[in-house]
Amino acid sequence: ILKLFSDPSETVRIAAAGALGRFVYAGELEDIPASKVAPVIKALKAAYANPAETLDVRRRALEALGFLGYDEVGSLIRQGYQAPELPMRLSAVFAMGRSADDEQWGETVVRELNSSEPEMRFEAARACGELEYAPAVRRLAELLDDVDENVQQAAVWSLGQIGGDKARQLLQAILQSNADHLHEDAEAALDELEFKGNNLDFTLMDFEDDDEDEWVLDQDPDDDEDA
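If you're wondering where the values come from, they're calculated on a predicted model, not measured in any experiment.

Colleague: Account for unusual backbone geometry, with residues named and values stated.
Modeller: Within the chain, Ala100 stands out as a residue other than glycine whose phi angle is a positive 65°. Following the sequence through the fold, Ala100 ends up in the loop between helix H6 (86-99) and helix H7 (102-112). Overall, Ala100 belongs to the partly exposed group, its relative accessible area being 43%. Positive phi, normally seen in glycine, also occurs at Glu132, with a value near 50°. Mapped onto the elements, Glu132 comes out in the loop between helix H8 (118-131) and helix H9 (137-143). The partly exposed category is assigned to Glu132, whose relative accessible area is 33%.

Colleague: Which residues make up the confidence of the model for the chain, and what values do they have?
Modeller: Residues at a pLDDT of 70 or more form 86% of the chain, whose mean pLDDT is 87. This model gives residues 198-215 a pLDDT under 50, and the stretch forms 29 contacts once residues within four places in sequence are excluded.

Colleague: Lay out the environment of Glu119 with the relevant residues and their values.
Modeller: Within the secondary structure layout, Glu119 lies in helix H8. The sequence separation of Glu119 and Leu86 amounts to 33 residues, and the corresponding C-alpha distance is 9.1 Å.

Colleague: Lay out the nonpolar core in plain terms, naming residues and giving numbers.
Modeller: If you look at the biggest cluster of nonpolar residues, it comprises 63 residues, and the most contacted ones within it are Leu4, Leu44, Val93, Leu140, Val156, Leu159 and Leu171. Of the residues forming this core, the biggest block, 7 residues, is contributed by helix H3 (residues 34-49). Ignoring any residue separated from it by four or fewer positions in sequence, one finds Leu4 in contact with Arg13, Ala16, Ala17, Leu20, Ala43, Leu44, Ala47, Glu53 and Val57.

Colleague: Kindly report on the pattern of salt bridges, identifying the contributing residues and their values.
Modeller: Evaluation of the coordinates by the stated rule reveals 8 salt bridges. Between Arg59 and Asp56 there is a salt bridge whose closest N-O contact spans 3.7 Å. With Arg59 and Asp56 both in helix H4 (residues 55-65), this residue pair falls 3 residues apart, about one helical turn. What makes Arg59 buried here is its relative accessible area of 12%. Ionic contacts of the salt-bridge type, sharing partners, join the residues Asp165, Arg168 and Glu194 into one network.

Criteria and cut-off values
- Residues numbered from 1 in each chain as written.
- Predicted model: local features only at pLDDT ≥ 70, side-chain atom pairs only at ≥ 80, totals over all residues.
- Heavy atoms only, no water.
- Helix = DSSP H or I, 4+ residues; strand = E, 2+ residues; numbered from the N terminus.
- Buried < 20%, exposed > 50% of the residue type's maximum accessible area, 1.4 Å probe, protein only.
- pLDDT = per-residue confidence, 0-100.
- Contact = heavy atoms within 4.5 Å.
- Core = buried A, V, L, I, M, F, W, Y, C linked by side-chain atoms within 4.5 Å.
- Salt bridge = Lys/Arg side-chain N within 4 Å of Asp/Glu carboxyl O.

Following this line, the structure appears as structure tokens:
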């Protein structure tokens, strides 16, 4: 905690904020007593709220606080999301994913998948996976053809986190495509998908029978896919 406030090096303070985030996460898992986590949370909130602190330290503090429970973190994330600086908004979307609150942030991160900023599309795609937000699958499928390869890779990762038959078919389509740069990521995502067991209900993202959009990577879905 002292490093977060007293070290003259911004790099060290940034690292301290990231390290303290691990304590917050452990506290949420109840691996560390709440009494020991409370000073960490207080310190991170103070760093985030300090207008004299650098932007990068403040945003890392917000990311660390993203592990907190729904009620505590929501107002902080909303504040960061409304900031004029793109880096702070990126950190807010990152924290949305960490919060595990898909009801509060699911629609927001999906909306940011349409951002003109590739950095925001990347963070939003990752957040969709962190939230395991099934309604994002169709838009993530479109991002597999994004102009930015980092965004493509984030979309692949998230499909593996979300799982379900649609995500599996998309990942298998990648392996059959010429997108060689995504093959390794798709294999890892499929492994993750199978590991999770795919026991969730994904009826919210069924495709319409008369949908004539191009299938991602020019792969046609099975004729009996919706049967």
